[in-house]
Amino acid sequence: MVERCDLLAFGAHPDDVEIGMGGTIAKYVRRGYRAVICDLTKAELSSNGTVDERQKEAAEAARRLGVSERLNLELPDRGLSVEEEAIHRIVAVIRRYRPQVVFAPYWEDRHPDHGQCARLVEEAVFSAGIRRYGAGELGGAHRVRSVYYYMINAFCRPHVLIDISETVHDKLSSLRAYESQFERRPGSVETPLTNNYIEMIESRERWFGQQIGAAYAEGFLTKTPIHLFDLFEGAR
């Protein structure tokens, strides 16, 4: 069944998408676009929290961003690899929602799952456009217009910056929904996420915003040239 969306964001774990592009999602949802989040795993190997708790947090985070639907492909945490079964499942999601734009984690990150997620999505985007791939099983071929990569732990020079000044509070609120990951609680262990991680992300987005004269921005990378429709658009 086809359930079209405009923006489809993939993450290796629940909270990846919010860290990298929660503000952008909230911005475009406010403008009337439909966004869907698809997590590849349930992050079952996370040091803190339980799978059930993380799923409830993910649902609440999506609600705070205005996302109407969030999926989980239940692939193995720390077991992501570029293999046909995983690509097959992602292709099915792309063809089901037929998005214009797809997002995935930046391929260079300290967490190997984030890079693997990027590679899987890249393979799936290509295969989704092949008419005979999964013919009669996965739905009709669909070519995604653009693929962008958001940063999670990485901090590098982006190719694209999106002003999120109006929705940065939605982004931060969605991150705070993940209490099990970002808060020190009785019985929890210290991880990079419990050490002022949200504050670090806020500072990163503030720095990106400064580059374009905005209060906050999110940075993205792309592997293909960007079509500049109008050299003077927004210049007056």
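The shown structure was predicted, so the numbers you read here are calculated from the model rather than taken from an experiment. Here the residue numbers are simple positions, counted from 1 along each chain's written sequence. In keeping with the predicted nature of the model, local features appear solely for residues at pLDDT of at least 70, side-chain atom pairs appear and are counted solely at 80 or more, and the whole-chain, interface and lining totals rest on all residues. To obtain the side-chain values, all non-hydrogen atoms of the structure were included, while hydrogens and water were left out.

Novice: Whenever I open this one, the packing of aromatic side chains confuses me. Can you help?
Specialist: For any pair of aromatic rings, the description rests on two quantities: the centre-to-centre distance and the angle between the ring planes. What counts as a ring pair is set by centres within 6.5 Å for rings of Phe, Tyr and Trp (its six-membered ring), and what kind of pair is set by the plane angle: stacked under 30 degrees, edge-to-face over 60, tilted for all other angles. Under the counting rule described, the total for this entry stands at 10 aromatic pairs. Ring centres 5.7 Å apart and planes at 65 degrees place the aromatic pair Y28 and Y33 in the edge-to-face group. Given a relative accessible area of 42%, Y33 falls into the partly exposed group. Summarising the aromatic geometry, the rings of Y178 and F182 are spaced 6.5 Å apart at their centres and angled 85 degrees between planes, so their arrangement reads as edge-to-face. Each member of the pair Y178 and F182 is classed as buried. Against the face of W107 rests K223, its NZ or CZ located 4.6 Å from the ring centre. Exposure classes here rest on a 1.4 Å probe applied to the protein chains alone. A residue is buried below 20% of its type maximum, exposed above 50%, and partly exposed in between. We call a charge positioned over a ring when the NZ of a Lys or the CZ of an Arg lies within 6 Å of the ring centre and within 35 degrees of the ring normal.

Novice: How do you make sense of the nonpolar core when you look at a structure like this?
Specialist: Grouped burial of nonpolar side chains is what soluble globular proteins tend to show. Here, nonpolar core refers to any group of buried Ala, Val, Leu, Ile, Met, Phe, Trp, Tyr and Cys residues whose side-chain atoms link them within 4.5 Å. Grouped together as the largest cluster of nonpolar side chains are 38 residues, with contacts concentrated most on L8, F10, L40, I90, V93, I94 and V102. Helix and strand labels come from DSSP, where a helix needs a run of H or I of at least four residues and a strand needs a run of E of at least two; each type is numbered from the N terminus. Elements with a minimum of two residues in this core: β1 (7-11), β2 (35-39), α3 (84-97), β4 (101-105), α4 (112-128), β5 (146-150) and β7 (217-221). Within the second largest apolar cluster, 34 residues are counted, among which are L7, I37, F103 and I162.

Novice: For this particular structure, what's the right way to read the packing of α3 against α4?
Specialist: In a packed pair of helices, the relevant descriptors are the angle between the two axes and the axis-to-axis distance. Two elements in contact, α3 and α4, have axes separated by 8 Å at closest approach and are oriented at 60 degrees. Considering their axes alone, α3 and α4 lie oblique with respect to each other. Our pair here, α3 against α4, has a crossing hand that is right-handed. Side by side, α3 and α4 meet where A86, I87, I90, V91, I94 and R95 of the first sit next to L120, V121, E123, A124, V125, S127 and A128 of the second. Partitioned by chemical class, the residues of the contact of α3 with α4 number 10 nonpolar, 1 polar and 2 charged. Lines fitted to C-alpha atoms define the axes here, with helix axes fitted over just the stretch in contact, and angles between the N-to-C directions of these axes take values from 0 to 180 degrees. Roughly parallel covers angles under 35 degrees, roughly antiparallel covers those over 145, roughly perpendicular covers 65 to 115, and oblique covers all other angles. We call a crossing left-handed when the near helix sits turned anticlockwise from the far one by less than a right angle, and right-handed when that turn is clockwise. Residues count as neighbours in contact if any of their non-hydrogen atoms are within 4.5 Å of one another. When residue character is reported, Ala, Val, Leu, Ile, Met, Phe, Trp, Tyr, Cys and Pro are called nonpolar, Asp, Glu, Lys and Arg charged, and the others, Gly included, polar.

Novice: Looking at this model, I keep getting lost on the sheet that holds strand β3 (residues 69-72). Mind explaining?
Specialist: Backbone hydrogen bonds are what pair the strands of a sheet, in a parallel or an antiparallel way. Between any two strands, pairing holds if DSSP finds at least two bridges. The 7 strands are arranged β3-β2-β1-β4-β5-β7-β6 in an open sheet whose pairing can be described as mixed. Of all the strands in the sheet, the pair left with one neighbour each is β3 and β6 (160-163). Here the average twist between neighbouring strands, direction ignored, is 30 degrees. Taken together, the 4 bridges between β6 and β7 define a ladder with antiparallel strand orientation. Paired with I162 across the two strands is E218, which belongs to β7.

Novice: I tried to follow the layout of surface pockets on my own but got confused; where do I start?
Specialist: Over the atoms a probe the size of a water molecule is rolled, and this reveals where empty space is left. Approximately 1,200 Å³ is the volume attributed to the largest pocket. Buried and open spaces are told apart on a 1 Å grid over the protein atoms alone, a cavity being a set of points where a 1.4 Å probe fits but cannot get out and a pocket being an open set with protein on both sides within 12 Å along at least five of seven lines. Residues with an atom within 4 Å of a point are the lining residues. Around the largest pocket, the lining is made up of 31 residues, and of these V101, R145, S146, Y148 and V160 lie nearest the centre. When residues of the lining of the largest pocket are traced back to their parent elements, those giving at least two are α1 (16-30), β4, α4, β5 and β6. Looking at the lining of the largest pocket element by element, the count peaks at 4 residues for β5. Its residues assigned to classes, the lining of the largest pocket shows 20 nonpolar, 7 polar and 4 charged. Grid points are joined across faces, edges and corners, and a volume is the space filled by probe spheres set on the points. Looking at the second largest pocket, its volume works out to about 390 Å³. Lining the second largest pocket we find 21 residues, and of these S46, R110, H111, Q181 and L193 sit closest to its centre. Split into classes, the residues belonging to the lining of the second largest pocket amount to 6 nonpolar, 9 polar and 6 charged.

Novice: Is there a simple way to think about the pairing of β7 in this case?
Specialist: Judged by how many residues are buried, β7 sits mostly within the fold: 5 of 5 residues are covered. Both faces of β7 are covered, namely the face carrying A217, G219 and L221 and the face carrying E218 and F220. With 2 bridges joining them, β5 and β7 adopt antiparallel strand pairing. Bridge pairing links Y149 to L221 in β7.

Novice: Explanation requested: the pattern of salt bridges in the structure shown.
Specialist: Two side chains with opposite charge may pair up if their charged atoms get near one another. A pair is scored as a salt bridge if a Lys or Arg side-chain nitrogen falls within 4 Å of a carboxyl oxygen belonging to Asp or Glu. Applying the stated rule across the entire model yields 19 salt bridges. Of the charged contacts in the structure, one is a salt bridge between K42 and E74, with a shortest N-O distance of 3.4 Å. Remark: E74 occurs in the loop between β3 and α3 and K42 occurs in the loop between β2 and α2 (51-65); sequence separation between them is 32 residues. Of the residues examined, K42 reaches a relative accessible area of 25% and is grouped as partly exposed. Look at E74 and you get exposed, because its relative accessible area is 53%. Taken together, the shared-partner salt bridges connect E3, R34, E69 and R96 into one network.

Coordinates in, geometry out; function isn't part of it.
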